[in-house]
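# Descriptive structure summary
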Amino acid sequence: MIGVFALQGAFLEHEKMLATLGAPFKEIRRREHFTDGLDGIILPGGESTVQGKLLREEGLFEPVKEAIEGGLPVFGTCAGLILLAKTLSNDEAVWLGTLDVTVRRNAYGRQLGSFRADIPFAGVGNFPAVFIRAPYVEEAAPEVQKLASFGGKLVAVRQGHMLATAFHPELTSDVRVHEYFLRELVS
Ligand code: GLN
(Lines give C-alpha, C1' and ligand atoms only; values in the text may rest on other atoms or scores of the structure.)
Protein backbone atom coordinates (compact mmCIF):
# COMPACT_ATOMS: atom_id res chain seq x y z
CA MET A 1 0.00 0.00 0.00
CA ILE A 2 1.45 3.33 -1.15
CA GLY A 3 0.47 6.57 0.57
CA VAL A 4 0.17 9.49 -1.84
CA PHE A 5 0.36 12.89 -0.15
CA ALA A 6 -2.68 14.80 -1.33
CA LEU A 7 -2.30 18.10 0.51
CA GLN A 8 -1.54 20.14 -2.62
CA GLY A 9 -0.16 19.77 -6.13
CA ALA A 10 -0.10 17.00 -8.72
CA PHE A 11 -1.09 13.96 -6.65
CA LEU A 12 -3.85 12.63 -8.95
CA GLU A 13 -1.27 12.02 -11.67
CA HIS A 14 0.76 9.83 -9.31
CA GLU A 15 -2.39 7.91 -8.45
CA LYS A 16 -2.99 7.26 -12.14
CA MET A 17 0.52 5.85 -12.49
CA LEU A 18 0.02 3.55 -9.50
CA ALA A 19 -3.37 2.45 -10.81
CA THR A 20 -1.81 1.62 -14.19
CA LEU A 21 0.82 -0.46 -12.41
CA GLY A 22 -1.81 -2.20 -10.28
CA ALA A 23 -0.31 -0.90 -7.03
CA PRO A 24 -2.80 -0.21 -4.22
CA PHE A 25 -2.63 3.34 -2.85
CA LYS A 26 -4.40 5.71 -0.50
CA GLU A 27 -4.43 9.49 -0.19
CA ILE A 28 -2.90 11.14 2.83
CA ARG A 29 -4.42 14.47 3.74
CA ARG A 30 -4.64 14.30 7.51
CA ARG A 31 -2.77 12.73 10.39
CA GLU A 32 -5.24 9.84 10.71
CA HIS A 33 -4.58 8.78 7.12
CA PHE A 34 -0.91 8.23 7.87
CA THR A 35 -1.29 4.79 9.38
CA ASP A 36 0.99 1.82 9.94
CA GLY A 37 1.15 -0.64 7.10
CA LEU A 38 2.24 1.75 4.37
CA ASP A 39 4.93 0.22 2.19
CA GLY A 40 6.00 3.52 0.68
CA ILE A 41 4.94 7.13 0.21
CA ILE A 42 4.94 9.63 -2.64
CA LEU A 43 5.49 13.38 -2.22
CA PRO A 44 4.10 15.04 -5.37
CA GLY A 45 5.09 18.18 -7.23
CA GLY A 46 3.44 21.47 -6.44
CA GLU A 47 4.56 24.26 -4.17
CA SER A 48 7.01 23.06 -1.55
CA THR A 49 6.45 25.96 0.85
CA VAL A 50 2.70 25.38 0.85
CA GLN A 51 3.12 21.62 1.20
CA GLY A 52 5.62 21.98 4.05
CA LYS A 53 3.30 24.31 5.94
CA LEU A 54 0.34 22.00 5.40
CA LEU A 55 2.35 19.02 6.67
CA ARG A 56 2.98 21.04 9.84
CA GLU A 57 -0.60 22.25 10.21
CA GLU A 58 -1.97 18.74 9.82
CA GLY A 59 0.40 17.32 12.42
CA LEU A 60 1.95 15.14 9.73
CA PHE A 61 5.39 16.69 9.67
CA GLU A 62 7.07 14.90 12.59
CA PRO A 63 5.48 11.47 11.99
CA VAL A 64 6.45 11.56 8.32
CA LYS A 65 10.00 12.71 9.05
CA GLU A 66 10.43 9.97 11.65
CA ALA A 67 8.99 7.32 9.35
CA ILE A 68 11.37 8.27 6.54
CA GLU A 69 14.29 8.35 8.97
CA GLY A 70 13.17 4.90 10.07
CA GLY A 71 13.42 3.58 6.52
CA LEU A 72 9.97 4.07 4.96
CA PRO A 73 10.51 4.15 1.16
CA VAL A 74 9.74 7.56 -0.31
CA PHE A 75 9.55 8.98 -3.83
CA GLY A 76 9.53 12.77 -4.16
CA THR A 77 9.00 14.65 -7.41
CA CYS A 78 9.96 18.31 -7.84
CA ALA A 79 8.47 19.99 -4.74
CA GLY A 80 8.84 16.55 -3.14
CA LEU A 81 12.59 16.68 -3.80
CA ILE A 82 12.69 20.13 -2.18
CA LEU A 83 10.84 18.83 0.90
CA LEU A 84 13.30 15.96 1.24
CA ALA A 85 16.52 17.98 0.77
CA LYS A 86 18.83 18.59 3.70
CA THR A 87 19.82 22.02 2.36
CA LEU A 88 18.27 24.55 -0.05
CA SER A 89 20.84 26.86 -1.59
CA ASN A 90 18.45 29.74 -2.31
CA ASP A 91 15.93 29.38 0.50
CA GLU A 92 16.27 29.54 4.26
CA ALA A 93 13.81 26.71 4.78
CA VAL A 94 14.64 23.10 5.47
CA TRP A 95 11.67 20.78 5.52
CA LEU A 96 12.01 17.04 6.09
CA GLY A 97 15.76 17.23 5.50
CA THR A 98 16.31 13.48 5.19
CA LEU A 99 18.04 13.40 1.78
CA ASP A 100 21.70 14.34 1.80
CA VAL A 101 21.63 16.87 -1.04
CA THR A 102 21.72 20.62 -1.62
CA VAL A 103 18.90 21.70 -3.92
CA ARG A 104 18.32 24.95 -5.80
CA ARG A 105 14.65 25.91 -6.17
CA ASN A 106 13.28 27.32 -9.44
CA ALA A 107 16.74 26.67 -10.73
CA TYR A 108 16.17 27.16 -14.46
CA GLY A 109 14.98 30.75 -14.22
CA ARG A 110 12.18 32.44 -16.10
CA GLN A 111 13.38 31.68 -19.61
CA LEU A 112 13.13 27.98 -19.00
CA GLY A 113 10.10 27.91 -16.74
CA SER A 114 8.95 24.60 -18.10
CA PHE A 115 10.31 22.25 -20.70
CA ARG A 116 10.64 18.66 -21.74
CA ALA A 117 13.81 16.70 -22.42
CA ASP A 118 14.71 13.10 -23.11
CA ILE A 119 17.33 12.11 -20.58
CA PRO A 120 19.06 8.85 -19.73
CA PHE A 121 17.89 7.53 -16.37
CA ALA A 122 20.04 4.81 -14.77
CA GLY A 123 18.15 1.55 -14.41
CA VAL A 124 15.25 2.87 -16.52
CA GLY A 125 16.59 3.98 -19.91
CA ASN A 126 15.87 7.16 -21.87
CA PHE A 127 13.04 8.99 -20.17
CA PRO A 128 10.81 11.90 -21.34
CA ALA A 129 11.36 14.29 -18.44
CA VAL A 130 8.91 17.15 -17.87
CA PHE A 131 10.33 20.07 -15.87
CA ILE A 132 8.05 22.74 -14.37
CA ARG A 133 9.73 25.57 -12.46
CA ALA A 134 12.03 22.80 -11.47
CA PRO A 135 14.79 22.56 -8.92
CA TYR A 136 18.08 20.74 -9.48
CA VAL A 137 20.56 19.11 -7.17
CA GLU A 138 23.68 21.22 -6.70
CA GLU A 139 25.56 18.94 -4.37
CA ALA A 140 25.11 15.40 -3.20
CA ALA A 141 26.81 13.38 -0.48
CA PRO A 142 28.97 10.47 -1.71
CA GLU A 143 26.35 7.90 -0.67
CA VAL A 144 23.77 9.52 -2.96
CA GLN A 145 23.38 7.66 -6.25
CA LYS A 146 23.23 9.84 -9.36
CA LEU A 147 20.47 8.47 -11.58
CA ALA A 148 19.97 11.24 -14.13
CA SER A 149 21.48 14.54 -15.17
CA PHE A 150 20.41 17.23 -17.59
CA GLY A 151 22.70 19.99 -18.87
CA GLY A 152 25.37 18.94 -16.39
CA LYS A 153 22.99 19.21 -13.43
CA LEU A 154 21.82 16.32 -11.33
CA VAL A 155 18.04 15.83 -11.65
CA ALA A 156 17.36 12.35 -10.23
CA VAL A 157 18.92 10.79 -7.15
CA ARG A 158 18.57 7.85 -4.87
CA GLN A 159 19.84 7.44 -1.34
CA GLY A 160 18.88 3.99 -0.11
CA HIS A 161 15.11 4.03 0.43
CA MET A 162 14.72 7.61 -0.88
CA LEU A 163 14.18 8.41 -4.57
CA ALA A 164 13.74 11.96 -5.86
CA THR A 165 13.44 13.62 -9.25
CA ALA A 166 13.53 17.31 -10.16
CA PHE A 167 11.11 16.52 -12.99
CA HIS A 168 7.63 14.98 -13.18
CA PRO A 169 7.46 11.36 -14.37
CA GLU A 170 3.78 11.41 -13.34
CA LEU A 171 2.99 13.96 -16.06
CA THR A 172 3.90 11.55 -18.84
CA SER A 173 2.28 8.29 -19.84
CA ASP A 174 5.57 6.50 -19.10
CA VAL A 175 5.31 4.47 -15.90
CA ARG A 176 8.92 3.26 -15.77
CA VAL A 177 10.17 5.53 -12.98
CA HIS A 178 7.22 4.59 -10.77
CA GLU A 179 7.85 0.97 -11.65
CA TYR A 180 11.50 1.46 -10.64
CA PHE A 181 10.39 2.90 -7.28
CA LEU A 182 8.06 -0.03 -6.59
CA ARG A 183 10.55 -2.63 -7.76
CA GLU A 184 13.81 -1.31 -6.33
CA LEU A 185 12.79 0.59 -3.20
CA VAL A 186 9.43 -0.75 -2.03
CA SER A 187 9.51 -4.51 -2.56
N1 GLN B 1 8.89 25.61 -7.88
C2 GLN B 1 8.23 24.71 -6.96
C3 GLN B 1 8.77 24.86 -5.54
O4 GLN B 1 9.73 25.52 -5.33
C5 GLN B 1 8.37 23.28 -7.39
C6 GLN B 1 7.75 23.12 -8.76
C7 GLN B 1 7.09 21.81 -9.00
O8 GLN B 1 6.85 21.00 -8.07
N9 GLN B 1 6.72 21.60 -10.22
O10 GLN B 1 8.20 24.31 -4.65
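Above this note sits the structure.
The structure displayed is predicted, hence computed values, not measured ones.

### With respect to the side chain of S48
Mapped onto the elements, S48 comes out in helix α2 (residues 48–57). Residues in contact with S48, not counting those within four places in the same chain, are A79, I82, L83, W95 and R105.

### So, the nonpolar core
Of all hydrophobic cores here, the largest spans 63 residues; its most connected members are F5, F34, I41, F121, F131, V155 and F167. Looking at this core, the element that brings in the most residues is helix α5 (residues 176–186), giving 5 residues. Dropping the residues within four chain positions of it, F131 is found in contact with Y108, G113, S114, F115, I119, F150, V155, A166 and F167.

### So, the pattern of salt bridges
If you walk through the whole model with that rule in mind, you get 9 salt bridges. Among the ionic contacts, a cluster of salt bridges with common partners joins E47, D91 and R105.

### Remarks on the site of the ligand
Taken together, G45, G46, E47, S48, C78, A79, I82, R105, N106, I132, R133 and H168 make up all the residues around the ligand. Note that an oxygen atom of the ligand is positioned 2.7 Å from one of the backbone N or O atoms of S48. Contacts to the ligand include A79, whose backbone N or O atom sits 3.1 Å from an oxygen atom. In isolation the ligand offers 300 Å² of accessible surface; the protein chains occlude 95% of this area. For the shell around the ligand, the class distribution of residues is 4 nonpolar, 5 polar and 3 charged.

Parameters at a glance
- Residues numbered from 1 in each chain as written.
- Predicted model: local features only at pLDDT ≥ 70, side-chain atom pairs only at ≥ 80, totals over all residues.
- Heavy atoms only, no water.
- Helix = DSSP H or I, 4+ residues; strand = E, 2+ residues; numbered from the N terminus.
- Contact = heavy atoms within 4.5 Å.
- Core = buried A, V, L, I, M, F, W, Y, C linked by side-chain atoms within 4.5 Å.
- Buried < 20%, exposed > 50% of the residue type's maximum accessible area, 1.4 Å probe, protein only.
- Salt bridge = Lys/Arg side-chain N within 4 Å of Asp/Glu carboxyl O.
- Near = heavy atom within 4 Å.
- Polar contact = N/O pair within 3.5 Å; in protein donor to acceptor, adjacent residues only side chain to side chain.
- Areas by Shrake-Rupley, 256 points an atom, 1.4 Å probe, with all protein chains shown as cover.
- Nonpolar A, V, L, I, M, F, W, Y, C, P; charged D, E, K, R; others polar.

Nothing here speaks to function; it is all geometry.
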